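# Results of the structural survey
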Amino acid sequence: MRIEHVAMYVNDLEAAKNFFEKYLGASANEGYHNKTTDFRSYFLTFDDGARLEIMNRPGMDDPEKTLNRTGLIHIAFSVGSKEKVDELTRQLAEDGYEVTSGPRTTGDGYYESCVVCIEDNQIEITV
């Protein structure tokens, strides 16, 4: 058993696609558009084959996203080394994204940082 993909709705589909391509090395498919419902999506594939589907459709509810809530809270990306965690975290901070923790070694031994980036959603960057 494995997770086939994770999906998230976004308001700005192109900006989300560009973020994942620029910072996390994603490769996007050509995209999908259902002309009847105006649903649009991209599948983003990462180096190890993991996939993230980003989606958009008219009339979505977009409540405030707090960091202490139930449900999915972050997506973690392994970048391969502490130096790369530091480098990507620094780049995201310089580009105006909010670093909420780290880089640091957590109590359970992960070296990580957490950054609020895609429409107030959080990603975790780890070794």
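Residues numbered from 1 in each chain as written. Predicted model: local features only at pLDDT ≥ 70, side-chain atom pairs only at ≥ 80, totals over all residues. Heavy atoms only, no water.

The name that an unreviewed UniProt entry assigns to the protein is VOC family protein, with the source organism given as Coprococcus aceti.

## Here's the deal with the overall build of the protein
From N to C terminus, the protein includes two helices and nine strands. Over its C-alpha atoms the protein spans a radius of gyration of 15 Å, differing by no more than 12% from the 14 Å that the globule rule assigns to 127 residues. With 127 residues in all, the protein has 34% of them scored as buried. Long-range pairs, those at least 24 residues apart, make up 49% of the contacts in the protein with a sequence separation of at least 6. When the accessible surface of the protein is split by element, carbon and sulfur atoms take 47% of a total near 8,000 Å². With 13 positive and 23 negative side-chain charges, the protein shows a spacing of 3 Å between the two charge centroids. (Helix = DSSP H or I, 4+ residues; strand = E, 2+ residues; numbered from the N terminus. Rg over C-alpha atoms; globule rule 2.2 N^0.38 Å. Buried < 20%, exposed > 50% of the residue type's maximum accessible area, 1.4 Å probe, protein only. Contact = heavy atoms within 4.5 Å. Areas by Shrake-Rupley, 256 points an atom, 1.4 Å probe, with all protein chains shown as cover. Lys, Arg positive; Asp, Glu negative; His and termini not counted. Charge placed at Lys NZ, Arg CZ, Asp CG, Glu CD.)

## Brief notes about the environment of Val 115
For Val 115, the location among the structural elements is in strand β8 (residues 111-116). A relative accessible area of 0% places Val 115 in the buried class. Distance from Val 115 to Glu 98, taken between C-alpha atoms, is 5.6 Å for residues 17 residues apart in sequence. When sequence neighbours within four positions are dropped, the list of residues in contact with Val 115 reads Leu 92, Tyr 97, Glu 98, Val 99, Thr 100, Asn 121, Gln 122, Ile 123 and Ile 125.

## Overview of the UniProt feature "domain: VOC" (unreviewed entry) in the protein
Here, UniProt's "domain: VOC" (unreviewed entry) annotation points to residues 2-127. Taken end to end, residues 2-127 has its terminal C-alpha atoms 21 Å apart, with 20% of it in helix and 37% in strand. (UniProt positions renumbered as here; feature names shortened; annotations may be inferred.)

## A look at the packing of aromatic side chains
Here the structure, examined in full by the defined rule, presents eight aromatic pairs. Judged by centre distance (5.4 Å) and plane angle (70°), the rings of Phe 19 and Tyr 97 are edge-to-face. Taken as a pair, Phe 19 in helix α1 (residues 13-24) and Tyr 97 in the loop between α2 (82-94) and β7 (98-105) lie far apart in primary sequence, 78 residues in all. You can call Phe 19 buried: its relative accessible area is 3%. The exposure class of Tyr 97 is partly exposed, given its relative accessible area of 25%. Among the aromatic residues, those joined into a ring-pair cluster are Phe 19, Phe 20, Tyr 23, Phe 46, Phe 77 and Tyr 97. A cation sits over an aromatic face here: Lys 17 above Tyr 42, 5.3 Å from the ring centre. Note that Arg 51 overlies the ring of Phe 43, its terminal NZ or CZ placed 4.2 Å from the centroid. (Phe/Tyr/Trp six-rings, centres within 6.5 Å; stacked < 30°, edge-to-face > 60°. Lys NZ or Arg CZ within 6 Å of the ring centre and 35° of its normal.)

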